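The lines below spell out each chain.
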Amino acid sequence: MKFELVSLPYATDALAPVIGKATIELHHGKHLLAYVNNLNNLIPGTKFENADLETIVKESDGAIFNNAGQVLNHNLYFTQFSPKGGGKPSGALGKAIDDQWGSFEEFQKEFVNGGVTQFGSGWVWLAKDKDGKLFITKESNAGNPVTKGLTPILGFDVWEHSYYLDYQNRRADHLAELWKIVDWSVVEKRY
């Protein structure tokens, strides 16, 4: 299977000022493209040659896992934003968040805290189990909740390349701003 760079559902400057054009161009067009190319170069001749991305992430390790994980993570990440995003989830996801955390605002605080306290590079995820129960997970490096049997719904990237041009070392500020561009219609479909 040949993996391809996911298309952005918006222009590279559309998420500014939350995520600037230069950050999108480097993060999507350089970092993610490198992960895609690396993965495509690593899997020929392995048991993953014809596997789907989630299977590779669940069953691999080392360089294959790192690159497959980052492709999966970034595919979810880049497609969950919109210049018309923001607000809060509705429907079943909104109810599940309220039931789990008491309010959307409490969920946001815990989620951002997860991202702020993730030591080094990684991700903070909202994920669900097979019964729809929600979890906030912190994953280092290329980690993804699929390795724990969970389905990722929303992920914020806390690798410095995702925010450094726009926020320097202010990870918390970056995470707080991302809520303004979350496309809840996309996230709700993942639930």
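Predicted model only: the values in this text are computed from it and were never measured.

**Section: the nonpolar core**
Move 1: Counting residues in hydrophobic clusters, the biggest one holds 55 residues, and the most contacted among them are Ile19, Phe81, Phe107, Leu126, Leu154, Phe156 and Trp179.
Move 2: No other element matches the 8 residues that helix H3 (residues 62–78) contributes to this core.
Move 3: When residues no more than four places from it in sequence are discounted, the contact partners of Phe107 are Ile97, Trp101, Leu126, Ile136, Leu154 and Trp179.

**Concerning the sheet that holds strand S2 (residues 134–140)**
Move 1: Spatially, S2-S1-S3 is the arrangement adopted by the 3 strands of the open sheet, whose pairing is antiparallel. A single partner strand is all that each edge strand has here, and the edge strands are S2 and strand S3 (151–157). Across the sheet, the axes of successive neighbouring strands diverge by a mean angle of 25°, strand direction being ignored.
Move 2: Its contacts with the sheet put helix H5 (residues 104–117) on strand S1 (122–128), S2 and S3, and the angle it makes with S1 is roughly 145°.

**Overview of the pairing of S1**
Looking down a regular strand, the side chains alternate between one sheet face and the other.
Move 1: With 7 of its 7 residues buried, S1 lies for the most part within the structure.
Move 2: Burial along S1 is two-sided: the face carrying Gly122, Val124, Leu126 and Lys128 and the face carrying Trp123, Trp125 and Ala127 are both buried.
Move 3: Across 7 bridges, the pairing between S1 and S2 is antiparallel. Among the inter-strand pairings, Gly122 is bridged to a residue of S2, identified as Ser140.
Move 4: The loop that links S1 with its antiparallel partner S2 comprises 5 residues; one of these, Gly132, has a positive phi angle of about 90°.

**What to know about the side chain of His161**
Move 1: Here His161 is to be found in the loop between S3 and helix H6 (164–167).
Move 2: There is a polar contact of 3.3 Å between the side chain of His161 and the side chain of His27.
Move 3: Residues within four places of His161 in sequence aside, it is in contact with Thr23, His27, His31, Tyr35 and His74.

**Examining the pattern of salt bridges**
Move 1: Following the criterion strictly, the structure yields 9 salt bridges and no others.
Move 2: Salt-bridge contacts for Lys95 lead to Asp99; the nearest nitrogen and oxygen are separated by 2.8 Å. Taken together, the residues Lys95 and Asp99, both in helix H4 (residues 91–101) and 4 residues apart, mark about one turn of the helix.
Move 3: Residue Asp99 is classed as exposed on the basis of its relative accessible area, which comes to 55%.

**Examining helix H7 (residues 171–178)**
Move 1: When H7 is considered as a whole, its buried residues turn out to be Arg171, His174, Leu175 and Leu178. Looking straight down H7, one finds that the buried residues subtend no more than 95° of arc, so they occupy a single side.

**As for H4**
Move 1: All buried positions along H4 are accounted for by Leu93, Gly94, Ala96, Ile97 and Trp101. End-on view of H4: buried residues confined to an arc of 160°, all on one side of the axis. The exposed residues of H4 that point more than 90 degrees off its buried face are Gly91, Ala92, Lys95 and Asp99.
Move 2: On its buried face, H4 is in contact with H5, S1, S2, S3 and helix H8 (184–190).
Move 3: Backbone geometry just after H4 places Gly102 at a positive phi near 90°.

**A word on unusual backbone geometry**
Move 1: In this structure, Pro17 follows Ala16 across a cis peptide bond, with omega equal to 5°.
Move 2: For Asn141, which is not a glycine, the phi torsion comes out positive at approximately 50°.
Move 3: In this model, Gln168 sits at a positive phi of 50°, which is unusual for a non-glycine residue.
Move 4: Looking at where Gln168 falls in the secondary structure, it is placed in the loop between H6 and H7.

Cut-offs applied
Residues numbered from 1 in each chain as written. Predicted model: local features only at pLDDT ≥ 70, side-chain atom pairs only at ≥ 80, totals over all residues. Heavy atoms only, no water. Core = buried A, V, L, I, M, F, W, Y, C linked by side-chain atoms within 4.5 Å. Buried < 20%, exposed > 50% of the residue type's maximum accessible area, 1.4 Å probe, protein only. Helix = DSSP H or I, 4+ residues; strand = E, 2+ residues; numbered from the N terminus. Contact = heavy atoms within 4.5 Å. Pairing = 2+ DSSP bridges. Axes fitted to C-alpha atoms, helices over the stretch in contact; angles between N-to-C directions. Polar contact = N/O pair within 3.5 Å; in protein donor to acceptor, adjacent residues only side chain to side chain. Salt bridge = Lys/Arg side-chain N within 4 Å of Asp/Glu carboxyl O. Arc of directions from axis to C-beta.

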